[in-house]
Amino acid sequence: MARVSASKTATAARRSGSEEGPVPDREQLLAYYRSMLLIRRFEERAGQLYGMGLIGGFCHLYIGQEAIAVGMHAAQRAGDQVITGYREHGHMLAAGVSPRSVMAELTGRAAGVAKGKGGSMHMFDAERGFYGGHGIVGAQVSLGTGLALANRYRNDGKVAFVYFGDGAANQGQVYESFNMAELWRLPVVYVIENNQYAMGTSVERSSSETHLFRRGASFNIPGEEVDGMDVLAVREAGLRAAAHARSGKGPYLLEMKTYRYRGHSMSDPGKYRTREEIDEVRKTRDPIEHLQERLAREGAVDEAATRAMDAEIKEAVADAAEFARTAPEPDASELMTEIYVEAAV
Amino acid sequence: MTDILMPALSPTMEEGKLAKWLVKVGDKVRSGDVIAEIETDKATMEVEAADEGIVEAILAPEGAEGVKVNSVIARLQGGGAQPAATAPAEGAVQVAIAATAAASSPATPPPASLAAETPSGPTVRLSVRDSLRDAMAEEMRRDPSVFLMGEEVAQYQGAYKVSRGLLEEFGPARVIDTPITEHGFAGLGVGAAMAGLKPIVEFMTFNFAMQAIDQIINSAAKTHYMSGGQISCPIVFRGPNGAAARVAAQHSQDYAAWYAHVPGLKVVAPYDGADAKGLLKSAIRDPNPVVFLEHEMLYGHEFDVPASDEWLVPLGSARIHRQGADVTLVAYSRMVGVALAAADLLAAQGIEAEVIDLRTLRPLDHGTVVASVVKTHRLVTVEEGWGPMGVGAEVAARVVADAFDFLDAPPERVSQADTPLPYAANLEALALPTAESVVAAALKACYR
Ligand SMILES: Cc1ncc(C[n+]2csc(CCOP(=O)(O)OP(=O)(O)O)c2C)c(N)n1
Ligand SMILES: [Mg+2]
C-alpha cells in the first residue's frame, strides 16, 4: 500500500526486507486466529454485560479492529512497551492479560487488572509493559514518546508501541512528540488505528490531510499505509517498523486502515453512517473471516478444528463473565490508598 | 432459551422506550444483528443481539414506554450451549446487581421543596438540556456575532444533545464542528473574540478543557488587563463539568475552584433549568470571558422555565432555594439538589435548613451567604470537587471574616473524598457527597 518516506535510510530499510521476520507457520497463524476470536467474543460479551448494567461508564469496544492489536503484538519483543487510549480491551488480551482480570476490571471488582479503580478506559499491566489505557484523547502519544526516551536513555534495545486513533491524530501534542522523537531518534512505533471515525466525525470532516501516514513527513518520519484488516499485513509492517526503530533510526509511523463495527461507545446513536456501510465492511473485510478463509484454503485447519476453537473461546469468555459478575468489589479501604507512593523510610 | 434484557445504553440510562422491533417471532438472529431500536432522552439507539437463536417471544411490545433497564424484552430459543452468564436461572441475580449499581449512581431527583421558588410569568416545562439549547438559539437569533464551536456540536447534535437542532437553524457557518484539538480551537475562539465576535466554545466535557486551560487563563482571562483595556474577550466556554456515573478519574472532575481562582474570568455553575437558561443568556451577552459549568447528571431533569426571550439571570447573584432558620447550606450545580434533599431529611428531624445556590462562583455573592449565616449562625458548604483550597474553603473564610460573631459553630465543609474518582461502583459512591453526608455535617454544625 501507499508509503511516504522523507529519508533515504527509511526507503532502504523497507526495500531490503531482510529485517522482516520469517513467514509465520501454521501454529502462529492459528494463534493469531485464536487471539482475534478471543477479542471478538470477549467484546461481544462486554457489550452484553454493559447492557445489563454490570459494566458502567463509557465502554469502547474493539470489534472490527482485532487484527491490529494481534498483528502488532506479533511484531513486538518481550520487554517492549505498549500504550494506547481507552479502546484498549483488545490490546490487553493480545498482550496476554487474562480475560478474567480484564472483565473484572470492567465490572469494577477487586480482581480486575487495576483493582477496579481504573475501569474500562484505564487499564494497566506494568509487568507486561502495558502503560494504559488513557481517557484523554492524544495524551498517550506524548507519554509513549517518553517511554521511548527512557529506552534511548538506557540504551536497552526496547521499542515503545504507541497506538492512537484518527481523531487523536489531530491533537497538537502528537506533533510536538513527533518532532522530538525524530530529532532525538527515539525508538518508537506510532500506530494510527484509522477506523475512519472519531465518534461521529469522519476523517474527511476533521482532517485536511486524510492520508494519515503522511502526517510524519514534515518531521522526516517515514510512514506507510497498512491494511489493518489483514493480520499478516499488520504483522509485516509492524516488524519493519520495529526493526527501523530498534536499529536507532528513530520513529516510524503506520496508518492502519480499519473499521469499528460498533458505536463509538455503548451510548452512540450512530446516525453518522449507514447500516449498509457497516454491513459491507463486515461482509467483505472482516479480519477474522479473512484469516479463517486463508487457513481453510491452505488446508491448515478444517472446520472441526475451528469449531473446537470457537467452543473453547466461548467457554473462556463465559468463565470470565461469570468471574467478573461474582467477584467481590474492592474493599472500602481501597478508596484512600495508592494516591501517593508510600515513601520508603 | 435466552432472555434478551432491556439494555443500558449510556452511563446514566435507567429506562427507555422500545421504539421499534426489527425482528419478529420466528426470525433467526445472529450475534451482531440489529434487533430493535430504543429511544432514550438523548437519542434513538440500535440494539444488537449478543446471542444466536430464534426469536421465540417478544415481551415488550413496540411503542412501550418506560421500559426499565434489565427487564426481559424478548426471548430467544436455541443457539447452542448458553454461557453461564446468561442462563435464565441467574437472571434474578443479574437484575439485583444491576439495581445496586443504579442505586449508587449519583442521580438525585429534584426535591419537592423547589416548587416554591419558580420564577413568575408564563413558564414551560423543559429539561436543563433544552433550556441551555434555547438560551443559545435565542442569543444567536438576537446577535449575529454569536456562534457555537466544538466537537460534535453540529452534525451529531452535541455529544450530550445540548445543541440539538442548532445546525439546522443556523447553518454550518455558525454551528461549527471542530477536530479533536481543544487547545487549538479554544485559542481560535479567544482570537475570534478579540476580533469582536462572540464565540460559544463547547467542551465535550470540562475534563478535556484541561488541554486548553492555557488559552482560557493566559489568553482569555488576562488580555483585557494586559492590553490596558484595549482588547476584550467576550467568549463563553461551556460544557458538562463534574462527575457523571462510573466514568472514573480522568472524566470526573469539578473544575469550579480551578477557574474561580482566576481574576478576569467569570464562573457560572447553575442547578435548575430557569437558572441554566437565564445565566447562559447573560453569559453570552457579558463582555468578559465566562466559564459556564454544566452538569451531565442534570441535563435530563425538567424544571419550569420562563417562556420569555428576555429571561436573564444576572451573573454574580446567589439564590435562596429554601428558607430556614437553623443552618445555612451553601452549594452550586448538582450539589444544590443534594443540599435540598438533605434539607428535607433535616426537616424530618426538626432542623430547618436554608439552602443557597451560589449560581455564580466568580464574582461570588458573598452578601447573600453572610446575611443567611447572620440569621442561622451555622454554615455547611457542599461541593462535588475536592475540599482542599476549594469553593467551600473560600466561602467559609469569607463568612468567618465577616460574620465571625454570628457563628455558633465552626463552618463544616462537605466535598468529594480527597482522591481521584474511582471506577468501582461502591468506591465511587463512597467518594461523592450525598444527602446523608450533608445531613451529618449539618447535625455536627448544630451540635446534634
Ligand atoms: C482531549 C479529549 N477530547 C475529547 C474526548 C472525548 N472523546 C473520547 S474518544 C473521542 C473520539 C476519538 O476518536 P479516535 O481518536 O478516532 O479514536 P477511536 O475512538 O475511533 O478509537 C472523543 C472526542 C476525550 N476523551 N479527550
Ligand atoms: Mg477513530
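Since the model is a prediction, treat every value here as computed from it, not as a measurement.

A. Representation of the coordination of the magnesium ion (ligand 2) in the model. Residue and element names in this part refer to chain A. Every protein donor of the magnesium ion (ligand 2) is listed here as Asp166 (OD), Asn195 (OD1) and Tyr197 (O), and their distances to the metal cover 2.1 to 2.2 Å. Every donor residue of the magnesium ion (ligand 2) comes from the same chain, spaced as D-x28-N-x1-Y. With a gap of 31 residues between them, Asp166 in the loop between strand E4 (160–165) and helix H7 (172–183) and Tyr197 in strand E6 (residues 197–198) connect regions that are remote in the sequence. Across this residue pair, the class does not change: Asp166 and Tyr197 are buried.

B. Main features of the sheet that holds strand E17 (residues 319–322) of chain B. All names here are of chain B. The five strands lie next to each other as E17-E19-E18-E21-E22, forming an open sheet whose pairing is mixed. Only two strands of the sheet have a single partner each, and these edge strands are E17 and strand E22 (412–416). Taking each pair of neighbouring strands and ignoring which way they run, the sheet shows an average axis angle of 25°. As paired elements, E17 and strand E19 (residues 353–357) share three bridges and run antiparallel to each other. Looking across to E19, one finds that Arg322 is bridged to Val355.

C. Representation of the nonpolar core. One finds A:Met72, A:Val189 and A:Leu254 to be the most contacted residues of the largest nonpolar core, which totals 74 residues. The leading source of residues in this core is helix H2 (residues 26–51) of chain A, at 12 residues. Discounting chain neighbours no more than four positions away, the residues touching A:Met72 are A:Ala67, A:Phe161, A:Tyr163, A:Val189, A:Val191, A:Val234, A:Gly238, A:Leu254 and A:Met256. Grouped together as the second largest cluster of nonpolar side chains are 68 residues, B:Leu132, B:Phe170, B:Ala244 and B:Tyr271 included.

D. How the structure looks around the interface of chain B and chain A. Taken together, the 63 residues of chain B in the interface contact 60 residues of chain A. Roughly 4900 Å² of surface becomes buried between chain B and chain A when both sides are summed, with 56% attributable to carbon and sulfur atoms. Three residues, B:Tyr156, B:Ile180 and B:Tyr423, lead the burial of chain B against chain A; their summed loss comes to 14% of the area buried on that side. At the boundary of chain B with chain A, the tally comes to one salt bridge. With its nearest N and O atoms 3.0 Å apart, the salt bridge here joins A:Arg205 to B:Asp177. On inspection of chain B and its partner chain A, the count reaches 18 residue pairs in polar contact (both at pLDDT 80 or more). The set of elements that each furnish at least two residues to the side of chain B that touches chain A consists of strand E5 (44–48), helix H1 (91–104) and helix H12 (425–431) of chain B. Classifying every residue of the side of chain B that touches chain A gives 38 nonpolar, 15 polar and 10 charged.

E. Region of interest: the confidence of the model for chain A. Averaged over all residues, the pLDDT of chain A is 93; the fraction at 70 or higher stands at 94%. For residues 6–20 of chain A, every residue scores under 50 in pLDDT, and the model assigns this stretch 19 contacts once sequence neighbours within four places are set aside.

F. Fine view of H7(A). All names here are of chain A. Taking 1.5 Å per residue as the helical rise, H7 with its 12 residues ought to reach 16 Å, and the 17 Å between its terminal C-alpha atoms agrees with that figure. Those residues of H7 that sit buried are Gln173, Val174, Tyr175, Ser177, Phe178, Ala181 and Glu182. Of the surrounding elements, those touching the buried residues of H7 are helix H6 (139–154), E4, strand E5 (188–194) and strand E9 (252–257).

G. Examining the environment of B:Arg75 more closely. Residues and elements named next belong to chain B. Tracing the backbone shows Arg75 in strand E8 (residues 72–77). Expressed as a C-alpha distance, the spacing of Arg75 and Ser120, which sit 45 residues apart in the sequence, is 51 Å. Reaching out from Arg75, the side chain makes a polar contact with the side chain of Asp3 at a distance of 2.7 Å.

H. Up close: the site of ligand 1. Of all residues adjacent to ligand 1, which total 22 residues, the nearest are A:Tyr86, A:Arg87, A:Gly135, A:Ala168 and B:Glu182. Surrounding ligand 1 are residues belonging to chains A and B, so the site spans chains. Taking A:Val137, its main chain carries an N or O atom lying 3.0 Å from a nitrogen atom of ligand 1. A distance of 3.4 Å separates an oxygen atom of ligand 1 from a polar side-chain atom of A:His264. Protein chains bury 96% of the 580 Å² of accessible surface belonging to ligand 1 in isolation. Of the residues contributing to the shell around ligand 1, the split by class is 10 nonpolar, eight polar and four charged.

I. Looking closely at the pairing of strand E2 (residues 15–21) of chain B. Residues and elements named next belong to chain B. Relative to strand E7 (residues 67–68), E2 runs antiparallel, the two being bridged by two bridges. Its bridge partner lying in E7, Gly16 is registered against Val67. Bridge count for E2 against strand E4 (residues 34–39) is four bridges, and the pairing is antiparallel. By the bridge assignment for E4, Lys20 is matched with Glu37.

Rules and cut-offs
Residue numbers restart at each chain and count upward from 1, following the sequence in its written direction. Working convention: letters from A go to chains and numbers from 1 go to ligands, in the order in which they are written. Local features in this predicted model are restricted to residues of pLDDT 70 or higher, and side-chain atom pairs are both shown and tallied only at a pLDDT of 80 or more, whereas totals for entire chains, interfaces and linings draw on every residue. Hydrogens and waters are ignored; side-chain quantities use all the structure's heavy atoms. Donor criterion used throughout: N, O or S atom within 2.8 Å of the metal, extended to 3.2 Å for Na, K and Ca. Water excluded; incomplete-looking sites may result. Helix and strand labels come from DSSP, where a helix needs a run of H or I of at least four residues and a strand needs a run of E of at least two; each type is numbered from the N terminus. Here's how the labels work: a residue is buried when its accessible area is under 20% of the maximum for its type, exposed when over 50%, partly exposed in between, all with a 1.4 Å probe on protein chains only. Paired strands, in this sense, are two strands between which DSSP finds at least two bridges. Axis definition: a line fitted to C-alpha atoms, over the contacting stretch in the case of helices. Angles run 0 to 180 degrees between N-to-C directions. What makes a nonpolar core is a set of buried Ala, Val, Leu, Ile, Met, Phe, Trp, Tyr and Cys residues whose side-chain atoms join them at distances within 4.5 Å. The criterion used for residue contact is that any of the two residues' heavy atoms lie within 4.5 Å. As a working definition, buried area equals the accessible area (1.4 Å probe) given up by two parts on being put together, with both sides summed. Should a side-chain nitrogen of Lys or Arg be within 4 Å of a carboxyl oxygen of Asp or Glu, the pair is scored as a salt bridge. Any pair of N or O atoms that falls within 3.5 Å is considered a polar contact. Within protein, one atom must be able to donate a hydrogen and the other to accept it, and sequence-neighbouring residues count only if both atoms are side-chain atoms. Lys, Arg, Asp and Glu make up the charged group, whereas Ala, Val, Leu, Ile, Met, Phe, Trp, Tyr, Cys and Pro make up the nonpolar group; the residues left over, Gly among them, are polar. Every residue gets a pLDDT, meaning the predictor's confidence in that residue, from 0 to 100. For a helix, the expected span equals 1.5 Å multiplied by the residue count minus one. When we say a residue is near a molecule or strand, we mean one of its heavy atoms is within 4 Å of it. Note on areas: these come from Shrake-Rupley sampling with a 1.4 Å probe, and a residue is covered only by the protein chains present in the view.

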